[in-house]
Amino acid sequence: MKRWLPSPPLSLALFVVWLLLNQSLDLATLLLAVVLAVAVPLLTRRLRPAAVRMRRPGVALRLTGVALFDMLHSALTVARLLLTRRTPAIASRFILVPLDIRDPNALAVLAMICCLTPGTAWGELSFDRSALLLHVFDVEDEAAFIAMIKKRYEQPLMEIFES
């Protein structure tokens, strides 16, 4: 079974998304959905990092809530700043965040959180994975921002993926 479906959740997601995108249940659409659900995971098997060994699902659920709250809060803050401040008054800059996390899956989740949060953009990850360069739309206290990233995202990700 693993030989033909190396990632059943990915296959299921591809199947469902294809049907939703086509808004049809005719035979041709179903057959193409099956082909995609089998072929894409097989073709992309080598692109995935090490197998995910997620521990502490409660922490993962809490991190999801924290990230969603932060995304909403950040979207409202960025909108307010764009509507009320002049461009020179916005303190955007690059910030170097030292990292303790090393797991590639945890780093991928951190990248998604940073990229999906309005006002932050993942710049680069150092070759040794010890530092992350983030561009932040508006930040006044760089040390407080680094501490927030480490406490709200890095610490839970380490518990989930590296414990």
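Conventions used here
Residues numbered from 1 in each chain as written. Predicted model: local features only at pLDDT ≥ 70, side-chain atom pairs only at ≥ 80, totals over all residues. Heavy atoms only, no water. Pairing = 2+ DSSP bridges. Helix = DSSP H or I, 4+ residues; strand = E, 2+ residues; numbered from the N terminus. Expected span 1.5 Å × (residues − 1). Buried < 20%, exposed > 50% of the residue type's maximum accessible area, 1.4 Å probe, protein only. Arc of directions from axis to C-beta. Contact = heavy atoms within 4.5 Å. Patch = residues over 30% accessible without salt bridge, like charges linked within 9 Å, V, L, I, M, F, W, Y side chains within 5 Å. Areas by Shrake-Rupley, 256 points an atom, 1.4 Å probe, with all protein chains shown as cover. Salt bridge = Lys/Arg side-chain N within 4 Å of Asp/Glu carboxyl O. Lys, Arg positive; Asp, Glu negative; His and termini not counted. Charge placed at Lys NZ, Arg CZ, Asp CG, Glu CD. Polar contact = N/O pair within 3.5 Å; in protein donor to acceptor, adjacent residues only side chain to side chain. Core = buried A, V, L, I, M, F, W, Y, C linked by side-chain atoms within 4.5 Å. Axes fitted to C-alpha atoms, helices over the stretch in contact; angles between N-to-C directions. Left-handed = near helix turned anticlockwise from the far one by under 90°. Nonpolar A, V, L, I, M, F, W, Y, C, P; charged D, E, K, R; others polar.

Participant: Sorry if this is basic, but what is going on with the pairing of strand E2 (residues 120–125) here?
Facilitator: A regular strand places its side chains on the two faces of the sheet in alternate fashion. With 5 bridges joining them, E2 and strand E3 (residues 131–136) adopt antiparallel strand pairing. Pairing of Leu125 across the sheet is with Leu132, part of E3. Here E2 folds back onto E3, and the loop between the two strands holds 5 residues, one of which, Arg129, carries a positive phi near 60°.

Participant: Teacher, can you tell me more about helix H2 (residues 27–43) here?
Facilitator: Helical geometry: 3.6 residues make up each α-helical turn, so side chains three or four residues apart lie on a common side. Between its terminal C-alpha atoms H2 stretches 24 Å, which fits the 24 Å expected from 17 residues at 1.5 Å a residue. For H2, the complete set of buried residues consists of Thr29, Ala33, Ala37 and Pro41. Taken down its axis, H2 places every buried residue within 80° of arc, on the same side. Exposed positions of H2 whose direction lies more than 90 degrees from the buried face are Leu27, Ala28, Leu31 and Leu43. As for H2, its buried residues are in contact with helix H1 (8–22).

Participant: Help me out: how do you make sense of a positive patch on the surface in this one?
Facilitator: Residues Arg3, Arg45, Arg46 and Arg48 make up a contiguous surface patch of positive charge. By the secondary structure assignment, Arg46 is in the loop between H2 and helix H3 (57–84).

Participant: Would you take a moment to explain helix H5 (residues 142–161) for this structure?
Facilitator: Across its 20 residues, H5 extends 27 Å between first and last C-alpha, which sits within 8% of the 28 Å expected from 1.5 Å per residue. All buried positions along H5 are accounted for by Phe145, Ile146, Ile149, Tyr153, Glu154, Pro156, Leu157, Glu159, Ile160 and Phe161. Those residues of H5 that are buried lie in contact with H3, strand E1 (93–98), helix H4 (104–116), E2 and E3. Between the side-chain oxygen of the N-cap and the backbone nitrogen of Ala143 there are 3.3 Å, and the N-cap of H5 in question is Asp141.

Participant: Teacher, can you tell me more about the nonpolar core here?
Facilitator: For soluble globular proteins, the rule of thumb is that nonpolar side chains tend to be buried together. Of all hydrophobic cores here, the largest spans 25 residues; its most connected members are Ile95, Val97, Leu99, Leu110, Leu134, Phe145 and Leu157. Among the elements that take part in this core, H5 stands out by supplying 7 residues, more than any other. If we ignore the near neighbours within four places in the chain, the residues touching Leu134 are Arg93, Phe94, Ile95, Val97, Cys114, Ala121, Trp122, Gly123, Phe145 and Ile149.

Participant: Would you explain the pattern of salt bridges in this entry?
Facilitator: Two side chains of opposite charge can pair, provided their charged atoms sit close to one another. Under the counting rule described, the total for this entry stands at 6 salt bridges. A salt bridge links Glu159 to Arg56, with the nearest nitrogen and oxygen atoms 3.1 Å apart. On the criterion of sequence distance, the pair formed by Glu159 in helix H5 and Arg56 in the loop between H2 and H3 is long-range, its members being 103 residues apart. Note that Lys150 and Glu154 form a salt bridge whose closest N and O atoms lie 2.5 Å from each other. Here the residue Lys150 and the residue Glu154 both occupy positions in helix H5, the gap between them amounting to 4 residues, near one helical turn.

Participant: How should I be thinking about the packing of H1 against H2 in this particular structure?
Facilitator: Packed helices, taken two at a time, are described by the angle their axes make and the gap between the axes. Here H1 crosses H2 at 145°, and the two axes come no closer than 8 Å. Pair H1 / H2 crosses with right-handed handedness. The segment H1 lies against H2, with Leu10, Ser11, Leu14, Phe15, Trp18, Leu19 and Asn22 engaging Thr29, Leu30, Leu32, Ala33, Val34, Leu36, Ala37, Val40 and Pro41. When the residues that make up the contact of H1 with H2 are grouped by side-chain class, the tally is 13 nonpolar, 3 polar and no charged.

Participant: What is the right way to look at the sheet that holds E2 in this model?
Facilitator: Backbone-to-backbone hydrogen bonds join strands into a sheet, with any given pair of strands oriented parallel or antiparallel. The 3 strands lie next to each other as E1-E3-E2, forming an open sheet whose pairing is antiparallel. Either end of the sheet is taken by a strand with one partner, and the two such strands are E1 and E2. Across the sheet, the mean angle from the axis of one strand to that of its neighbour is 30°, orientation sign disregarded. Alignment of E1 against E3, held across 6 bridges, turns out to be antiparallel. Its bridge partner being in E3, Ile95 is matched across the sheet by Leu134. Across the sheet, H4 touches E2 and E3, and the angle it forms with E2 is around 145°.

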